[in-house]
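# Remarks on the overall topology
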Amino acid sequence: MNSSAAPILVIGRQGQLALSLASLRRPDVVCMGRPECDLADPAKLADLVARVSPRLVLNAGGFTKVDQAESQAEEAYALNRDGPAALARICASAGIPLIHVSTDCVFDGRKPAPYTPEEIPSPLSVYGRSKLEGEEAVAIHCRQHLVVRVSWVFSEHADNFVRTMLKLARQRETISVVSDQTGYPTYCPDLAAGLLAMAEQVLAPGFDAWGTYHLAGREEIDRASMAEAIFSESRALGGPSAQIVPILTRDYPTPAERPLNARLDSAKAFDTFGLRLQDWRIGLQKSVRVLVAEMS
Ligand SMILES: NC(=O)c1ccc[n+]([C@@H]2O[C@H](COP(=O)([O-])OP(=O)(O)OC[C@H]3O[C@@H](n4cnc5c(N)ncnc54)[C@H](OP(=O)(O)O)[C@@H]3O)[C@@H](O)[C@H]2O)c1
């Protein structure tokens, strides 16, 4: 760990990624959420960066409600595009790097193979478009940036697919889950550790590989099978489980369209940073254990 006095400033405190970063208990990582830190308030962001004087900023915040973004586009763009743009300008003028977290939803999911960072985005939703414009703004305003796209993130922290499935299983005997959306599930504390490893490397003298990366788990699964995996772990612990009814995305309309293929190819992160996330099923075991204990 870099023992330099200046901390890493994380934007976000109560979200899944912010809580996962905090769970790593690094004394040099400071997580700031609302109200002191607000992506919709550039002056407050500038004050915060001046006060904390970080060696790097990691933006783990944003408007993350994919369906709600369709009817709250203004708020989504304010937090996912304008806030990161302001943060990028602030970081550039402070001379510090910015790591900005983005999403697989910048892609339309029609490619029959994992997406590399070089592929041309084509978002299907307001959320995806607002995140893509945020990526572009970060790249324009702060040369020393990494955009790190992540996908299918789960953990024992905050709201995510694992918590939702276990909660639903307490209420219902059967749950319909889409079986035609595939992804690489990513255990959030592993992602958090990966992002901090990237932070250390970009701070090393001579680093110049700025740009866009993907960081995700490696084993492909569909949503319905992931739900099965969650319930199999839960049943073994005497926790809630339900019968899964696999359905197709077209039979489960949602306000925002999601990419059917959410798989992100992390090879560039491995080649540049030597990063490879561990098997997500290890993280799933821990998440289910903690959540089942919490629910009992
Ligand atoms: N979860 C996934 O599967 C997934 C997939 C793809 C990409 N991502 C990306 O990963 C990043 C982290 O997502 P997450 O899963 O941690 O989301 P989350 O659990 O929904 O948390 C949202 C975070 O955004 C912060 N936030 C919301 N409004 C804010 C504002 N006005 N100013 C400052 N911060 C604000 C919240 O901060 P408070 O502490 O103030 O609540 C919270 O920390 C996001 O960029 C998201 O787009 C996530």
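Residues numbered from 1 in each chain as written. Predicted model: local features only at pLDDT ≥ 70, side-chain atom pairs only at ≥ 80, totals over all residues. Heavy atoms only, no water.

A few words now on the site of the ligand. By nearness alone, 25 residues border the ligand, and Arg13, Gln14, Thr64, Tyr127 and Lys131 come closest of all. For the ligand, an oxygen atom lies 3.0 Å from a polar atom in the backbone of Gly15. Within the complex, the protein chains bury 86% of what would otherwise be the 890 Å² of accessible surface of the ligand. Broken down by secondary-structure element, the contributors of at least two residues to the shell around the ligand are helix H1 (16–23), strand E4 (98–103) and helix H5 (126–141). A per-element tally of the shell around the ligand places E4 first, with three residues. Residues belonging to the shell around the ligand are distributed by class as follows: 10 nonpolar, 11 polar and four charged. (Near = heavy atom within 4 Å. Polar contact = N/O pair within 3.5 Å; in protein donor to acceptor, adjacent residues only side chain to side chain. Areas by Shrake-Rupley, 256 points an atom, 1.4 Å probe, with all protein chains shown as cover. Helix = DSSP H or I, 4+ residues; strand = E, 2+ residues; numbered from the N terminus. Nonpolar A, V, L, I, M, F, W, Y, C, P; charged D, E, K, R; others polar.)

Next up on the list: helix H10 (residues 280–295). Taking 1.5 Å per residue, 16 residues should reach 22 Å; H10 reaches 22 Å between its end C-alpha atoms and fits that length. When H10 is considered as a whole, its buried residues turn out to be Trp280, Gly283, Leu284, Ser287, Val288, Leu291, Val292 and Met295. The buried side chains of H10 occupy one side of the element, clustering within an arc of 155° when seen end-on. As for H10, its buried residues are in contact with strand E6 (153–154), helix H6 (161–171), strand E9 (186–187), strand E11 (221–222) and helix H8 (223–236). (Expected span 1.5 Å × (residues − 1). Buried < 20%, exposed > 50% of the residue type's maximum accessible area, 1.4 Å probe, protein only. Arc of directions from axis to C-beta. Contact = heavy atoms within 4.5 Å.)

With that out of the way, let us pick up H1. Along H1, the positions that sit buried rather than exposed are Gln16, Leu17, Ala18, Ser20 and Leu21. For H1, the elements touching its buried residues are strand E1 (8–11), strand E2 (29–32), strand E3 (56–59), E4, E6 and helix H7 (188–203). At the C-terminal side of H1, Arg25 shows a positive phi close to 50°.

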